[in-house]
Amino acid sequence: MYKYQEGVIAKFNGVNAKVEFDRVVSGRNLNTLRDVPDKEIVKLVYKLRSSTAEQIITIIGKQFKVTKNKIEEKIRKAVDLRLITRYKLEYNTNGFKRETDNIYMLDVNGKNLIEGEDLQKLEWDQKDNLSIKTHPEVHLKHIITNQLLMKYFEHSSTFYSYEVKPRLYFRNSLETEYIRPDVLVNFGNDEQQVHFIIYALRRNRGWKDELLKIAPYIEKLYTNFKPMDKLKQEPILMFICEDEGHTKEVCAEIDKTKISLSYTVYTYDDLIDTKSPENSIAIAKKDDNGEFVLEYPELVALV
């Protein structure tokens, strides 16, 4: 459902009219927005960048022991108050019109609520939402990344923490540089963790150029690696691809760089949707003809 297709059209499905922030303040004062999950839903939507109702329900339901129906009601309320908003993507497949589930993103009142109550500056602007019309692949990447997060969150007992679009700083000679993967996922416990830095790739035009543009920074991270605040040891580099064929294309592009294949693992949409965490990761090797082949080891550490 979240593969990239040419001709995809974004359809706005939120509230167009301005909603005065006084309505939000009034709701907070009257306790109608005082339940913990209300604000937590808004914060989660910001954290995930672009998400589905199912993804929101999975995390909020498990963290706060709230029913699906109650969370759906709270999502609708948040949309009505323009705390969050929603879009759909529509496309044609073999002559049939199809559309994605609702895609939720932060809205202006949600930004004001979190900044006002938590006294923090959010990395968000209205144009971030409008980019779904010009760069839908960015939002598709967020969605499939979040799908992988949901799998680990629900089914991996060793899942520890995650951070979406983190800045991972490293020293390069006398300079400090950083990379921003789509998500950093940590497995383990307080004392010891295994880190996965994950990039999602869709088959939009120019995806190879995008990959080769970030590759030098990833190379530098490994070449100059030293333990840091968010990475206690060398991370595993994972790419989320659209399918097995796309995965082999990505391997071919990585092979053009100085990134060692020994650092990389791969997954793709069908593996995320149908396999358990320990069976949803592929490793790539070259055969005698120089072609890439994928192997699917069982990684019991992710059970």
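For the structure given in this document, a descriptive report is provided here. (Residues numbered from 1 in each chain as written. Predicted model: local features only at pLDDT ≥ 70, side-chain atom pairs only at ≥ 80, totals over all residues. Heavy atoms only, no water.)

## Regarding the sheet that holds strand 8 (residues 183-188)
Moving on, step 1. Taken in spatial order, the 5 strands line up as 5-8-9-10-11 in an open sheet, and their pairing is mixed. At either end of the open sheet lies a strand with only one pairing partner, and these are strand 5 (159-164) and strand 11 (264-268). Strand after strand, the sheet turns through a mean of 25 degrees between neighbouring axes, direction not considered.
Moving on, step 2. Of the pairings in the sheet, the one linking strand 8 to strand 9 (residues 193-200) comprises 6 bridges and is antiparallel in character. By the bridge assignment, L184 is partnered in strand 9 with I197.
Moving on, step 3. Here helix 9 (residues 244-254) sits on the sheet and contacts strand 10 (236-241) and strand 11; the angle it forms with strand 11, its principal contact strand, is near 155 degrees. (Pairing = 2+ DSSP bridges. Helix = DSSP H or I, 4+ residues; strand = E, 2+ residues; numbered from the N terminus. Axes fitted to C-alpha atoms, helices over the stretch in contact; angles between N-to-C directions. Contact = heavy atoms within 4.5 Å.)

## Some remarks on the packing of aromatic side chains
Moving on, step 1. Under the defined criterion, the tally for this structure stands at 10 aromatic pairs.
Moving on, step 2. Look at F12 and Y87: their rings are 5.2 Å apart centre to centre, the planes differ by 70 degrees, and that puts the pair in the edge-to-face class. Of this pair, F12 sits in strand 1 (residues 9-12) while Y87 sits in strand 2 (residues 84-93), and the two are 75 residues apart along the sequence.
Moving on, step 3. Accessibility expressed as a relative area gives 34% for F12, which makes it partly exposed.
Moving on, step 4. Put simply, the rings of Y152, F153, F159, Y162, F187 and F196 touch in pairs and so form one group of aromatic residues.
Moving on, step 5. Between the NZ or CZ atom of K47 and the centre of the ring of Y162, over which it lies, the distance is 4.2 Å.
Moving on, step 6. Here K62 stacks its cationic end above the ring of F153, 5.1 Å away from the centre of that ring. (Phe/Tyr/Trp six-rings, centres within 6.5 Å; stacked < 30°, edge-to-face > 60°. Buried < 20%, exposed > 50% of the residue type's maximum accessible area, 1.4 Å probe, protein only. Lys NZ or Arg CZ within 6 Å of the ring centre and 35° of its normal.)

## What about the packing of helix 3 (residues 53-64) against helix 7 (residues 136-155)?
Moving on, step 1. One way to put it is that helix 3 packs onto helix 7 with a least axis distance of 10 Å and a crossing angle of 30 degrees. Judged by the inter-axis angle, helix 3 sits roughly parallel to helix 7. Handedness of the crossing formed by helix 3 with helix 7: left-handed. Two secondary-structure elements touch here, helix 3 through Q55, T58, I59, K62 and Q63 and helix 7 through I143, N146, Q147, M150, F153 and E154. (Parallel < 35°, antiparallel > 145°, perpendicular 65-115°, else oblique. Left-handed = near helix turned anticlockwise from the far one by under 90°.)

## Observations concerning the packing of helix 8 (residues 207-223) against helix 9
Moving on, step 1. In contact at an axis separation of 10 Å, helix 8 and helix 9 are set at 40 degrees when each is read in the N-to-C sense. With respect to each other, helix 8 and helix 9 are oriented oblique. Seen along the crossing, helix 8 lies across helix 9 with a hand that is right-handed. Touching W207, K208, L211 and L212 of helix 8 are H246, E249, V250, E253 and I254, all from helix 9.
Moving on, step 2. Grouping the amino acids of the contact of helix 8 with helix 9 by side-chain chemistry returns 5 nonpolar, 1 polar and 3 charged. (Nonpolar A, V, L, I, M, F, W, Y, C, P; charged D, E, K, R; others polar.)

## A short note on the environment of Q192
Moving on, step 1. Position of Q192 relative to the elements: it lies in the loop between strand 8 and strand 9.
Moving on, step 2. A sequence separation of 90 residues divides Q192 from N102, and the C-alpha atoms of the two residues are 38 Å apart.

## Quick notes on the environment of V185
Moving on, step 1. As for its placement among the helices and strands, V185 is situated in strand 8.
Moving on, step 2. Overall, V185 belongs to the buried group, its relative accessible area being 1%.
Moving on, step 3. Expressed as a C-alpha distance, the spacing of V185 and F196, which sit 11 residues apart in the sequence, is 5.1 Å.
Moving on, step 4. Apart from residues no more than four positions distant in its own chain, V185 is found in contact with L149, Y152, F159, S161, Y162, V194, H195, F196 and I198.

## Topic: helix 5 (residues 108-118)
Moving on, step 1. Among the residues of helix 5, N109, G110, K111, L113, I114 and E115 are the ones counted as buried.
Moving on, step 2. Looking at the residues trailing helix 5, positive phi occurs at L119, about 55 degrees.

## A look at the nonpolar core
Moving on, step 1. Ranked by internal contacts, the top residues of the largest apolar core, which has 47 residues, are I56, L149, Y152, Y162 and V185.
Moving on, step 2. The residues touching Y152, leaving out its near neighbours within four places in the chain, are F159, V185, F187, M238, P277, I281 and L302.
Moving on, step 3. I179, Y268, L271 and F292 belong to the second largest nonpolar core, which has 30 residues in total. (Core = buried A, V, L, I, M, F, W, Y, C linked by side-chain atoms within 4.5 Å.)

## Focus: the layout of surface pockets
Moving on, step 1. Of the volumes computed, that of the largest pocket is approximately 800 Å³.
Moving on, step 2. As for the largest pocket, its lining consists of 30 residues, and the residues nearest its centre are V138, H142, K165, R180 and D182.
Moving on, step 3. Those elements that place two or more of their residues in the lining of the largest pocket are helix 2 (36-48), strand 4 (103-106), helix 6 (126-134), helix 7, strand 7 (175-179), strand 9 and helix 8.
Moving on, step 4. Counting residues per element, the lining of the largest pocket draws most heavily on helix 8, at 6 residues.
Moving on, step 5. Looking at the lining of the largest pocket residue by residue, the classes come out as 15 nonpolar, 5 polar and 10 charged.
Moving on, step 6. Its boundaries defined by the atoms lining it, the second largest pocket holds a volume of some 250 Å³.
Moving on, step 7. Lining the second largest pocket are 14 residues; nearest its centre among them are Y46, R49, E163, V164 and K165.
Moving on, step 8. Where the lining of the second largest pocket is concerned, the elements lending two or more residues are helix 2 and strand 5.
Moving on, step 9. Among the elements that make up the lining of the second largest pocket, the one with the highest residue count is strand 5 (3 residues).
Moving on, step 10. Class assignment of the residues belonging to the lining of the second largest pocket gives a composition of 5 nonpolar, no polar and 9 charged. (1 Å grid on protein atoms, 1.4 Å probe; cavity = no way out; pocket = protein on both sides within 12 Å on 5 of 7 lines; lining within 4 Å. Points joined across faces, edges and corners; volume = space filled by probe spheres on them.)

Limitation: the analysis is restricted to geometry and does not speak to function.
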